[in-house]
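This is what each chain is made of:
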Amino acid sequence: MISHDETKFEVVPISNKNSSEKNESVIFVEQFVKCVCDFSSQYGSNSSISYTAYNITGNPSKFPDYGDFPQAFVMRTYGQWWNKAPSRLEDYMIQNNDNIVSQDYIDVEYYQEVYPIRISIYETYNPGSVVGIWVYNPCGQWFQLWNGPPQFVPHRPRIFSPPLKTCHFKTKIVRLEFNHNLLDYYTELDAVLLIGTSELIMPRNHMYHQNLSNLLRDLSCNGHNSDDIYNLTPDYLKANQDLTNLKKMFHKYCILYNSKIIDNISKGKLVSTLGQHCHSVPPIEEAFHSLQEFLQEEFPKLIKEMHLSTPSPLCRISLPNEKNLLSTLNNIDSQPCGSFSTLPDETVLKILKNLDLKTLCRLCRVNRHFSNIARDALLYTSLNLKPYWHCLNSHALKCLIPRCQYLQRIDLSWCGNYNMISDVDLVNFIRSCGGLLTHLRLNCCHSVNDKVILEISKICKNLKELCLRKCMDITNDGFSKLEKLQCLERLELYGTIIETSILCSILRRNTQMRHLNLAGMHDRINVDEVAIELGNFCLQLESVDFWKAQTLTPHGVRALARCIHLREVDFGWCGGMGAPGDSLRALLSSCHYLEKVFLAALRGLTDRDLEPLLLCQHLKQLDLLGARSLTPDMCYRFLLWCPKLEMIDLSFCEGITDAKIQEWRQKYPHISFKRCFQANGTDLL
């Protein structure tokens, strides 16, 4: 196995007229992860090493074994179950999203900066959720090396090594993005290997379009296997055989560009030298595609609905290609049957409201008329900036301020990290545009600190939703300022460090609270006290996430029984509950609207504890992982008495056999039965 630090292939002499007349050499470097810089979620907790992001560092520890292992990196969710739950978040400005939405990420750092050639992801359980690979350059910019849809993959381990774009800079920071929608259960990653060179190398043959991945495909030991659509690399010991082949015949296939030469070439000339094309989209191209779609499909419907007597020339515009869009739009006023400028503003704004933010910005370059329309503040009442995390910087945020005077909802999750946006930038933005805000999402936004929270508490008096997942730079001084807010209906504090007394004070002032997320708190707050406050003041509560809160006891569970409108509870891994007894019965007996009940790893659960849940006719998701005393009879009653049940997790339920699970799967195909698999057969609990 490759060493943890790095392994260098032998130096291969080549002749390179582009760098010098003398022989040059190239070094191939293989590295596993040195450390984890950031991540959006993990199944493990900071008090343990099981299932944490840290486990992705170093050499593979389990590959090529397949199964559920605590030594792997596991994220919080899988499948679409969380998107169907009552606590789900609705996207703002969904047209900003790509076809595949990234739901999780992890940033890792390596020992040495290299030009990336290959990134190999060791997936040991339920592979197929990786949808994006990014690298970070020394100038503070992100570059996407690969993206693709999630995959349905057989239940086997694999080394996933997708073809990468050519990268013209050295890097040692990599981000992986994930979409879990197709996963049958939690995905697990063992390691991530980065293979690169100390000097930039490119294919000699132009048929490979300056892409080394295309050349390596042809140099693979067995040739390109079009049948291996899952990239399962069955002979994993030869996974990098193509690199060995390249090493042997390097002078025949590649050209080396010496770093000293590259450093002396301007960026524009370097791109030209390498024969690359600019990756930026022409200013009008996306505007053309989006506008054409709406003119051909939505606009005629709108005209019909409004009963306009004389249709606008826009209704019959035919746009053969984006090159004539500018002239077409500029000449609309000269059309004999009408003028674009005579359309009511409401009509124009309804059309443009369907465009994504990037297209709106590019429409401003068409002409002055379109520029004025595309900057109208009514188009910017809801903003989803999360898809632009990689390019949203201080300048971009400042440019949005004049357009966001009526802003009501904004998602800045994942944005601003690595000093792309400062706390001062966020404060200025909130001060200028936050007066009407009702929904604010700042998940995994590390620029958020006490200064930002202070500004939110002063400006955003109407705030109903505040999401601060993994905002670790907020201290209790900052959180205490949130006591000024009185309209909160959703508060998400996953992975933060708020104190019990401050949280309770916030809850007392926000009696309309409907969704509270305190997942991953472990023992940092007294959840029993929080539950008592909820039972006393927040009687409209619909969902509560106490996952892995060790300080929740039967006393707190009983206090929640007063929140009779609960639709979702997650008490998974709440070890302080022990044998819940009558407290859980009291809760389940009072809350007849429950749709999602997660009770993972509560080993003391009995059939008697769960009996009241049979009366919950709305129950859709039930997690009983690790309920050792659970009997098949009780499970069967759930299948019979809960007509809306869609998913039940029976992993590590010792009283339920695999044969019984298979029988139920055949008899109830509309229900998804979850059953964890471990190759070594050990019990996690």
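Rules used throughout
Residues numbered from 1 in each chain as written. Predicted model: local features only at pLDDT ≥ 70, side-chain atom pairs only at ≥ 80, totals over all residues. Heavy atoms only, no water. Helix = DSSP H or I, 4+ residues; strand = E, 2+ residues; numbered from the N terminus. Buried < 20%, exposed > 50% of the residue type's maximum accessible area, 1.4 Å probe, protein only. Phe/Tyr/Trp six-rings, centres within 6.5 Å; stacked < 30°, edge-to-face > 60°. Lys NZ or Arg CZ within 6 Å of the ring centre and 35° of its normal. Core = buried A, V, L, I, M, F, W, Y, C linked by side-chain atoms within 4.5 Å. Contact = heavy atoms within 4.5 Å. Pairing = 2+ DSSP bridges. Axes fitted to C-alpha atoms, helices over the stretch in contact; angles between N-to-C directions. Parallel < 35°, antiparallel > 145°, perpendicular 65-115°, else oblique. Nonpolar A, V, L, I, M, F, W, Y, C, P; charged D, E, K, R; others polar. Polar contact = N/O pair within 3.5 Å; in protein donor to acceptor, adjacent residues only side chain to side chain. Salt bridge = Lys/Arg side-chain N within 4 Å of Asp/Glu carboxyl O. pLDDT = per-residue confidence, 0-100. Patch = residues over 30% accessible without salt bridge, like charges linked within 9 Å, V, L, I, M, F, W, Y side chains within 5 Å. Areas by Shrake-Rupley, 256 points an atom, 1.4 Å probe, with all protein chains shown as cover.

Draft legend 1. Region of interest: the overall build of the chain. If you tally the helices and strands in the chain, you get 22 helices and 26 strands. Within the span of the chain, comprising 685 residues, buried residues form 55% of the whole.

Draft legend 2. Region of interest: the environment of N419. Relative to the assigned elements, N419 resides in the loop between β16 (409-411) and α13 (423-433). Between the alpha carbons of N419 and S447 there is a distance of 7.7 Å; along the sequence they are 28 residues apart.

Draft legend 3. Region of interest: unusual backbone geometry. Cis rather than trans, the peptide bond between F63 and P64 has omega equal to 10°. In this model, Y51 sits at a positive phi of 65°, which is unusual for a non-glycine residue. Assignment of secondary structure puts Y51 in the loop between β5 (35-39) and β6 (73-74). Not every positive phi belongs to a glycine, and Y418 is a case in point at roughly 60°. Looking at where Y418 falls in the secondary structure, it is placed in the loop between β16 and α13. Taking the relative accessible area as the measure of exposure, Y418 reaches 24% and is therefore partly exposed.

Draft legend 4. Seen up close, the packing of aromatic side chains. Scanning the model with the defined rule gives 24 aromatic pairs in all. Each ring, one from Y43 and one from W573, has its centre 6.2 Å from the other, and the planes form 85°; the classification is edge-to-face. Linking Y43 in the loop between β5 and β6 with W573 in the loop between β22 (568-570) and α19 (582-590), this pair joins segments that are 530 residues apart in sequence. Relative to W414, the ring of Y105 lies with its centre 4.7 Å away and its plane at 70°, an arrangement referred to as edge-to-face. Placement of Y105 in strand β7 (residues 104-125) and of W414 in the loop between β16 and α13 is noted, with a sequence separation of 309 residues between them. For W414, a relative accessible area of 5% gives the class buried. These aromatic residues form a ring-pair network of at least three members: Y43, Y51, Y78, W82, Y185, Y186, W547, W573 and F598. The ring of W142 has R175 lying over it, and the distance from NZ or CZ to the ring centre is 5.3 Å.

Draft legend 5. Main features of the nonpolar core. Core analysis: the largest hydrophobic core is formed by 126 residues, its most contacted members being L468, F546, F571, L624 and L650. In this view, F571 contacts F546, L552, V557, L560, M577, L587, F598, L599, A600 and L602; residues no more than four positions away in its chain are not counted. By size, the runner-up hydrophobic cluster in this structure holds 29 residues, among which are M75, L189, V192 and L194.

Draft legend 6. Representation of the sheet that holds strand β19 (residues 490-492) in the model. A sheet is described by the order of its strands in space; here 12 strands give the open sequence β15-β16-β17-β18-β19-β20-β21-β22-β23-β24-β25-β26, paired in parallel fashion. Of all the strands in the sheet, the pair left with one neighbour each is β15 (382-384) and β26 (672-674). Neighbouring strand axes in the sheet, compared pairwise and without regard to direction, differ in orientation by 5° on average. Sheet analysis places strand β24 (residues 621-623) next to strand β25 (residues 647-649), joined by 3 bridges and oriented parallel. From the neighbouring strand, Q621 faces β25, where its bridge partner is M647.

Draft legend 7. Examining helix α16 (residues 500-509) more closely. For α16, the buried fraction is high: 7 of the 10 residues fall into the buried class. The set of residues buried in α16 consists of T500, I502, L503, C504, S505, I506 and L507.

Draft legend 8. Quick peek at the packing of α13 against helix α14 (residues 450-459). Where α13 contacts α14, the axes come no closer than 9 Å and their chain directions differ by 5°. What the angle tells us is that α13 and α14 run roughly parallel. Here D423, L426, V427, I430 and R431 of α13 lie close against α14, whose contacting residues are K451, V452, E455, I456 and I459. For the contact of α13 with α14, the class distribution of residues is 6 nonpolar, no polar and 4 charged.

Draft legend 9. Layout of the side chain of T197. Here T197 is to be found in strand β12 (residues 188-197). A distance of 2.5 Å separates a polar side-chain atom of T197 from the backbone oxygen of E199.

Draft legend 10. Looking closely at the pattern of salt bridges. Using the criterion set out here, one finds 27 salt bridges in the structure. Among the ionic pairs, D218 bridges to R217, the shortest N-O distance being 3.5 Å. Judged by relative accessible area, which is 37%, R217 ranks as partly exposed. A salt bridge links E492 to R490; its shortest N-O distance comes to 3.1 Å. Side by side, E492 and R490 carry an identical accessibility label, which is buried. It is possible to trace a salt-bridge network through shared partners that takes in D411, R441, E465, R469, R490 and E492.

Draft legend 11. Focus on the side chain of S672. Structurally, the position occupied by S672 is in strand β26. Beyond its immediate stretch of four places on either side in the chain, S672 contacts W81, E646, M647 and I648.

Draft legend 12. Broad picture of the packing of helix α2 (residues 212-219) against helix α3 (residues 241-248). One way to put it is that α2 packs onto α3 with a least axis distance of 8 Å and a crossing angle of 95°. Our classification of the angle between α2 and α3 gives roughly perpendicular. For the pair α2 and α3, the contacting residues are L215, L216 and L219 in the first and D242, L243, N245 and L246 in the second.

Draft legend 13. Broad picture of the confidence of the model for the chain. Summary statistics for the chain give a mean pLDDT of 85 and a share of 81% for residues scoring 70 or more. Confidence drops under pLDDT 50 across residues 308-323; counting only partners more than four residues distant or on other chains, this segment forms 29 contacts.

Draft legend 14. Broad picture of a nonpolar patch on the surface. A surface patch of nonpolar side chains, about 280 Å² in accessible area, is lined by L378, Y406 and L436. For L378, the location among the structural elements is in the loop between α11 (368-374) and β15.

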